[in-house]
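# Chain and residue survey
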Amino acid sequence: MSSSSPSPRASDAPAPNSGSSLVAPPPSLAELFVAFATISLSGFGGVLAWSRRMMVEDRRWLTVEQFNEAYALCAFLPGPNIVNFSVIFGSRFRGPLGGLIALVGLLGPPMVLVVILGALYAHYGDLPALRRALVGVAAAAAGLLMATVAKMAQPLFRNRAVAGPLVAFATFAAIGVIHWPLPLVLAVIVPVSIGLAWVRL
Amino acid sequence: MRDDSGTLVTLAGYFALMSLFAIGGANSAIPEMHRLVVEVRHWMTDRQFTDMFALAQLTPGPNVIIVTLIGFHVAGIVGALVATLAMCGPTCLFAFFVGRTFDRFRGAAWHAALAGGLVPVTIGLTAASATVVASAADYNWIAAGISLVTAVICYWVRLHPLWVFVAAALLGAAGLV
């Protein structure tokens, strides 16, 4: 990345907000681990907001533009976005080892926590109060997913296009109602959907 | 709980393949996890799957952590490691190599087509995930009410989801669900 130039005003790239255009020196391996462990442990549900705050606002390792670009790339790649982000971010600054350290920082602490919870569940999972509490949490989490769907679907309906909502509904029916295997459904629907989007461009 | 090597290989194969199809993140793959783990393999009951989903939501960190929990339930600590590695390994390698060449792709036309094509699929998959959780065994009218209220709150109010989860857990523990 060429953004580490010391000149206060880089003429080739427009600075969206001059406050965060000064980028800090690249993080060390230890800083990478601590940064992603912190992001991971402070994020329930969505980790995006936390990673933006740390990378752009607190540590200034990336500009807003660089962050958005890196994150857009991660959304295209298969697999969890934030996991991809940790690998791309870490390896961009510190090579393959940096990618690995960032990944371990992101996944290590929650893995330890969740295994502890899993062990507790194995012992106490049949307690009636705990069972009902988990039913409540699962119901709330399902509601959170519904809200996410509603937010994501808004732009689909805004431009009065039929293809997007149709693809979304077909995917939902095939996976959520008929319970067809995921690879099979995606092998058909993803090329169709990308083709439709290509035609609309 | 089983820990024979056959189970570990199956676990690794399932999640490695699934990771490549998890468009938009782990929440998109919840129905596929449910299908394989509950319907095909009978590694756990419907209720246990929903409980694990709830536990994973209560744990800070990426949503993919549910895979660790499933692996742990099926084959202990080794299962947890195998499942997580399988779910993250292939896509991380992919991300590593693509990340190095990303600057060449910037602004390409297929970039927009790819985005426009994948977003509706992700929406459909996330909706399917909500349905799978909501059609679980213990899901009654009060649970449906909790889902709806949560959806409304999270849609209109910028409230940390953890508070809603805590409130729902308390409602459940009090015997209302």
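Computed from a prediction, not measured in an experiment: that's the story for all the values here.

### Points about the overall build of chain B
Helices and strands together make up the secondary structure of chain B, namely seven helices and zero strands. In sequence order, the secondary structure elements of chain B are arranged as α-α-α-α-α-α-α. Viewed in the frame of its principal axes, chain B has a C-alpha envelope of about 55 × 45 × 25 Å. Counting the 177 residues in chain B, one finds 53% classified as buried.

### Some points on the nonpolar core
Val137(A), Ala138(A), Ala141(A), Phe53(B) and Ile66(B) are the most contacted members of the largest nonpolar core, which has 116 residues in total. The element contributing the most residues to this core is helix α4 (residues 65-101) of chain B, with 17 residues. When residues are assigned to domains, this core turns out to be shared by domain 1 (16-126) and domain 2 (146-201) of chain A, each giving three or more. Contact partners of Val137(A), with chain neighbours within four places excluded, come to Ala54(B), Gln57(B), Leu58(B), Phe165(B), Ala168(B) and Ala169(B).

### What about the confidence of the model for chain A?
Averaged over all residues, the pLDDT of chain A equals 83, while 87% of them reach at least 70. Below a pLDDT of 50 lies the segment residues 1-20 of chain A, which in the model reaches 16 contacts outside its immediate sequence neighbourhood of four places, other chains included.

### Description of helix α5 (residues 128-158) of chain A
Residue and element names in this part refer to chain A. For α5, built from 31 residues, the straight-helix expectation of 45 Å at 1.5 Å per residue is met to within 8% by its first-to-last C-alpha distance of 46 Å. Residue Met152 marks the point of greatest curvature in α5, where the axis turns by about 30°; the proline Pro155 follows within four residues. Of the residues one or two after α5, Arg160 is the one with positive phi, at around 60°.

### Re the interface of chain B and chain A
Across the contact, 90 residues belong to chain B and 83 residues belong to chain A. Residue assignment for the side of chain B that touches chain A shows that the elements contributing at least two residues are α1 (5-21), α2 (30-40), α3 (46-58), α4, α5 (109-134), α6 (141-156) and α7 (161-173) of chain B. When residues of the side of chain B that touches chain A are assigned to their parent elements, the largest contribution, 22 residues, is made by α5(B).

### Focus on the domain arrangement of chain A
For chain A, the assigned domains are domain 1 (16-126) and domain 2 (146-201). The straight-line distance from the C-alpha centre of domain 1 of chain A to that of domain 2 of chain A is 28 Å.

### Regarding the environment of Leu176(B)
Residues and elements named next belong to chain B. Within the element layout of this structure, Leu176 appears in the segment after α7. Looking at Leu176, the number of C-beta atoms within 10 Å reads 14, which means it is partly exposed. Along the primary structure Leu176 and Ala143 are separated by 33 residues, whereas in three dimensions their C-alpha atoms are 8.8 Å apart. Residues contacting Leu176, with those up to four places away along its chain left out, are Ile142 and Leu171.

### With respect to unusual backbone geometry
All names here are of chain A. You will see that Arg60, though not glycine, has its phi angle at about 60°, which is positive. Note on placement: Arg60 falls in the loop between α2 (48-58) and α3 (64-76). A positive phi angle, near 65°, is found at His179, a position not held by glycine. Assignment of secondary structure puts His179 in the loop between α6 (163-177) and α7 (182-200). Judged by C-beta crowding, with 14 C-beta atoms within 10 Å, His179 ranks as partly exposed.

### Notes on the environment of Gly125(A)
The topology assignment puts Gly125(A) in the loop between α4 (81-124) and α5. Setting aside residues no more than four positions away along its own chain, Gly125(A) makes contact with Leu130(A) and Asp51(B).

### Notes on the packing of α5(A) against α5(B)
Running from N to C, α5(A) and α5(B) cross one another at 160°; their axes reach a closest spacing of 9 Å. Here α5(A) lies roughly antiparallel to α5(B), going by the angle between them. Crossing of α5(A) against α5(B): the hand is left-handed. For the pair α5(A) and α5(B), the contacting residues are Ala138(A), Ala141(A), Ala142(A), Leu145(A), Met146(A), Thr148(A), Val149(A), Met152(A), Ala153(A) and Leu156(A) in the first and Val119(B), Pro120(B), Ile123(B), Thr126(B), Ala127(B), Ser129(B), Ala130(B), Val133(B) and Ala134(B) in the second. Taken together, the residues of the contact of α5(A) with α5(B) sort by class into 16 nonpolar, three polar and no charged.

### Focus on the packing of α7(A) against α1(B)
Following both chains from N to C, one finds α7(A) and α1(B) inclined at 25°, their axes separated by 10 Å at the closest point. One way to sum up the angle between α7(A) and α1(B) is to call them roughly parallel. Helix-helix and strand crossings are classified by hand; for α7(A) and α1(B) the assignment is left-handed. Listed contacts from α1(B) to Leu182(A), Pro183(A) and Leu186(A) of α7(A) are Leu17(B), Met18(B) and Phe21(B).

Criteria and cut-off values
Residues numbered from 1 in each chain as written. Chains lettered and ligands numbered in written order. Predicted model: local features only at pLDDT ≥ 70, side-chain atom pairs only at ≥ 80, totals over all residues. Helix = DSSP H or I, 4+ residues; strand = E, 2+ residues; numbered from the N terminus. Buried ≥ 20, exposed ≤ 12 C-beta atoms within 10 Å, placed from the backbone. Core = buried A, V, L, I, M, F, W, Y, C linked by C-beta atoms within 7 Å. Domains from an automatic or database assignment. Contact = placed C-beta atoms within 7 Å. pLDDT = per-residue confidence, 0-100. Expected span 1.5 Å × (residues − 1). Bend = angle between axes of the 7 residues up to and from the residue. Axes fitted to C-alpha atoms, helices over the stretch in contact; angles between N-to-C directions. Parallel < 35°, antiparallel > 145°, perpendicular 65-115°, else oblique. Left-handed = near helix turned anticlockwise from the far one by under 90°. Nonpolar A, V, L, I, M, F, W, Y, C, P; charged D, E, K, R; others polar.

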